[in-house]
Amino acid sequence: MASVQPRTQYSGDIAPALLAHYDRHARDLPWRSPPGTPPPDPYRVWLSEVMLQQTTVAAVIGYFERFSASWPDFATLAAADDADVMAAWAGLGYYSRARNLLKCARAVVTEHGGKLPETSAELARLPGIGPYTAAAIAAIAFGERAAVVDANVERVTARLFAIQTPLSAAKPEIRAAVDAITPAGRSGDFAQAMMDLGASLCSVRAPRCPACPVQMHCAAQAIGVAEGLPRKTPKKARPDRAGTAYWIERDGHVWLIRRPDSAMLGGMRGLPDDGWNARRDGDSHPPFAADWKAVAGEVVHVFTHFRLTLRLAATAAPVDESGLPPGEWWPLKTLDSAGLPTLFSKAARLAIRASAKS
Ligand code: SF4
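Treat the numbers as computed from the prediction; the structure is a model and nothing was measured.

1. Details of the overall build of the protein
Right, on to step 1. Check the secondary structure of the protein and you find 13 helices and six strands.
Right, on to step 2. Expressed as lengths along the three principal axes of its C-alpha atoms, the size of the protein is roughly 75 × 45 × 35 Å.
Right, on to step 3. Looking at the protein as a whole, 48% of its 358 residues are labelled buried.
Right, on to step 4. In the protein, the proportion of contacts linking residues at least 24 apart, taken out of those at least 6 apart, comes to 70%.
Right, on to step 5. Of the roughly 17,300 Å² of accessible surface on the protein, 54% is carried by carbon and sulfur atoms.
Right, on to step 6. A distance of 6 Å separates the average location of the 40 positive side-chain charges in the protein from that of its 35 negative side-chain charges.

Printed below as a string of structure tokens:
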């Protein structure tokens, strides 16, 4: 890890001040143990950290509670049906996480006797666990002195050390700074205290510095640049893609497919479509020849790397169903339980609204 010359004069005092604040103000979250108590169940730490990748705490809490009630440990999750897990993940986004969640649970059961390995180095070899998640699990569940750097911690640290280099070039400097201030003891609490500070007082806009427990150690606050940090490199515009999804209906049922694992939203149920992806538009070829009617309206959905405008075409089921792509009839009345990702939920609502009007 690159060495860092702390720019804040009293960096050694940051951990005690922050931990004292955390002891009084820690967020009460279902995957956490209260400050100063034994660490939480590693399974729950792992599950929450995977869910929290690119996702807010508010969005994760309900999913975490449902998952941990249905599959309370690695053994039950490893034995779960893939379709049930993918459906339970529907709406949380970044679906490769759900596929990796299953792979990881199965690897933990078959290769590690049902228990997570305890070091960040070993954790990072498991599916779906990158350097951040490995560090967070190792620190929170096993007390390893690991530098845990999520987006909140990045912001707090860039400010504490007045790091002016724009993200993402500043990442190594920030990681080294976090390493420099992470204490040997209570490293899990320290990581969570940094996350909490970023989620509360040290917010993106208008940080509340007068109430901050580390205000006296904060270089950005001292020189009046806190709000402008971390600096960001301007984002590239997202490309626009277009595609068509196909609504095939029969007797109060709609035809759903399961998307290939290698496709976007892989492993999830969805409507048949024309092969759109992040790099190209769909080819507008329906899955079989029929009297396809364009459905009025369209769905716009923003993925990380592109923006998709999805049109819909609808038809009744063919008499000969052998031309249908592999899939299943799903009752419209229980479509909410199909576990459709948000894109196809929006498309289904559009089709149902259009058919109610006609
Ligand atoms: Fe963030 Fe202000 Fe605290 Fe510095 S003093 S860490 S900018 S809230």
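Resuming the write-up.
2. Describing the site of the ligand
Right, on to step 1. Near the ligand the following residues occur: Arg 159, Cys 202, Cys 209, Cys 212, Gln 215, Cys 218, Gln 221 and Ala 226.
Right, on to step 2. When its residues are assigned to classes, the shell around the ligand shows five nonpolar, two polar and one charged.

3. Describing the packing of helix H9 (residues 151-160) against helix H11 (residues 187-199)
Right, on to step 1. It is at 8 Å that the axes of H9 and H11 come closest, and there the two elements cross at 85 degrees. As far as their axial angle goes, H11 and H9 are roughly perpendicular. Contacts from Asn 152, Val 153, Arg 155, Val 156, Thr 157 and Leu 160 of H9 reach H11 at Met 194, Met 195, Leu 197, Gly 198 and Ala 199.
Right, on to step 2. Of the residues in the contact of H9 with H11, the class split is seven nonpolar, three polar and one charged.

4. Points about the side chain of Asp 189
Right, on to step 1. Topologically, Asp 189 is positioned in helix H11.
Right, on to step 2. Asp 189 gets classed as buried once you look at its relative accessible area, which sits at 13%.
Right, on to step 3. For Asp 189, the side chain forms a polar contact with the side chain of Arg 186, separated by 2.7 Å.
Right, on to step 4. Setting aside chain neighbours within four positions, we find Asp 189 in contact with Leu 19, Tyr 22, Pro 35 and Gly 36.

5. So, the packing of aromatic side chains
Right, on to step 1. Scanning the model with the defined rule gives twelve aromatic pairs in all.
Right, on to step 2. Judged by centre distance (5.2 Å) and plane angle (70 degrees), the rings of Trp 31 and Phe 64 are edge-to-face. In this pair, Trp 31 is assigned in the loop between helix H1 (14-25) and helix H2 (42-52) and Phe 64 in helix H3 (residues 57-70), connecting sequence segments 33 residues apart.
Right, on to step 3. Using a relative accessible area of 5% as the deciding quantity, one classes Trp 31 as buried.
Right, on to step 4. By way of ring pairs, the aromatic residues Tyr 43, Trp 46 and Phe 74 are connected into one cluster.

6. Side note on the domain arrangement of the protein
Right, on to step 1. Each domain of the protein was delimited in the assignment, giving domain 1 (14-228) and domain 2 (240-357).
Right, on to step 2. For domain 1 versus domain 2, the separation of C-alpha centres amounts to 36 Å.
Right, on to step 3. The contact between domain 1 and domain 2 buries some 740 Å² in all, and 60% of this surface belongs to carbon and sulfur atoms.
Right, on to step 4. When residues of domain 1 are sorted by the area they lose upon contact with domain 2, Met 86, Tyr 95 and Arg 99 head the list and together hold 54% of the total.
Right, on to step 5. Between the two partners, domain 1 and domain 2, sit two residue pairs in polar contact (both at pLDDT 80 or more).
Right, on to step 6. Among the elements that line the side of domain 1 that touches domain 2, the one with the most residues is helix H5 (residues 82-89), at three residues.
Right, on to step 7. Along the lines of polarity and charge, the residues of the side of domain 1 that touches domain 2 split into six nonpolar, one polar and one charged.

7. Comments concerning the environment of Thr 119
Right, on to step 1. Looking at the element boundaries, Thr 119 is found in the loop between helix H6 (96-112) and helix H7 (120-123).
Right, on to step 2. The spacing of Thr 119 and Leu 29 is 90 residues in sequence and 24 Å in space, taken between C-alpha atoms.
Right, on to step 3. Polar side-chain contacts of Thr 119 include one of 2.9 Å to the side chain of Glu 122.

8. Let's talk about the side chain of Thr 133
Right, on to step 1. For Thr 133, the position within the fold is in helix H8 (residues 131-142).
Right, on to step 2. Residue classification places Thr 133 among the buried positions, given a relative accessible area of 3%.

9. Regarding the packing of H5 against H6
Right, on to step 1. Interhelical geometry of H5 versus H6 gives an angle of 135 degrees and a closest axis separation of 9 Å. Comparing the axis directions of H5 and H6 gives the class oblique. The handedness of the crossing between H5 and H6 is right-handed. Where H5 abuts H6, its residues Asp 82, Val 85, Met 86 and Trp 89 lie against Arg 97, Ala 98, Arg 99, Leu 101, Leu 102 and Arg 106.
Right, on to step 2. Here the contact of H5 with H6 is composed, by residue class, of six nonpolar, no polar and four charged.

10. A closer look at H5
Right, on to step 1. Within H5, the full set of buried residues consists of Ala 83, Val 85, Met 86 and Trp 89. One face of H5 carries all of its buried residues, which in axial projection span an arc of 165 degrees.
Right, on to step 2. One or two steps after H5, the chain reaches Gly 91, where phi turns positive at roughly 100 degrees.

11. A word on the pairing of strand E2 (residues 253-258)
Right, on to step 1. The pairing of strand E1 (residues 240-250) with E2 spans two bridges and is antiparallel. Bridge pairing in E2 links Arg 250 to His 253.
Right, on to step 2. Two strands pair when backbone bridges link them, and E2 and strand E6 (residues 328-331) are joined in this way by four bridges, in the antiparallel orientation. Among the inter-strand pairings, Trp 255 is bridged to a residue of E6, identified as Trp 329.
Right, on to step 3. Across two bridges, E2 lies against strand E3 (residues 269-270) in antiparallel orientation. Residue pairing in the sheet places Arg 258 in a bridge with Arg 269 of E3.

What counts, and at which threshold
- Residues numbered from 1 in each chain as written.
- Predicted model: local features only at pLDDT ≥ 70, side-chain atom pairs only at ≥ 80, totals over all residues.
- Heavy atoms only, no water.
- Helix = DSSP H or I, 4+ residues; strand = E, 2+ residues; numbered from the N terminus.
- Buried < 20%, exposed > 50% of the residue type's maximum accessible area, 1.4 Å probe, protein only.
- Contact = heavy atoms within 4.5 Å.
- Areas by Shrake-Rupley, 256 points an atom, 1.4 Å probe, with all protein chains shown as cover.
- Lys, Arg positive; Asp, Glu negative; His and termini not counted.
- Charge placed at Lys NZ, Arg CZ, Asp CG, Glu CD.
- Near = heavy atom within 4 Å.
- Nonpolar A, V, L, I, M, F, W, Y, C, P; charged D, E, K, R; others polar.
- Axes fitted to C-alpha atoms, helices over the stretch in contact; angles between N-to-C directions.
- Parallel < 35°, antiparallel > 145°, perpendicular 65-115°, else oblique.
- Polar contact = N/O pair within 3.5 Å; in protein donor to acceptor, adjacent residues only side chain to side chain.
- Phe/Tyr/Trp six-rings, centres within 6.5 Å; stacked < 30°, edge-to-face > 60°.
- Domains from an automatic or database assignment.
- Buried area = accessible area lost by both parts, 1.4 Å probe.
- Left-handed = near helix turned anticlockwise from the far one by under 90°.
- Arc of directions from axis to C-beta.
- Pairing = 2+ DSSP bridges.

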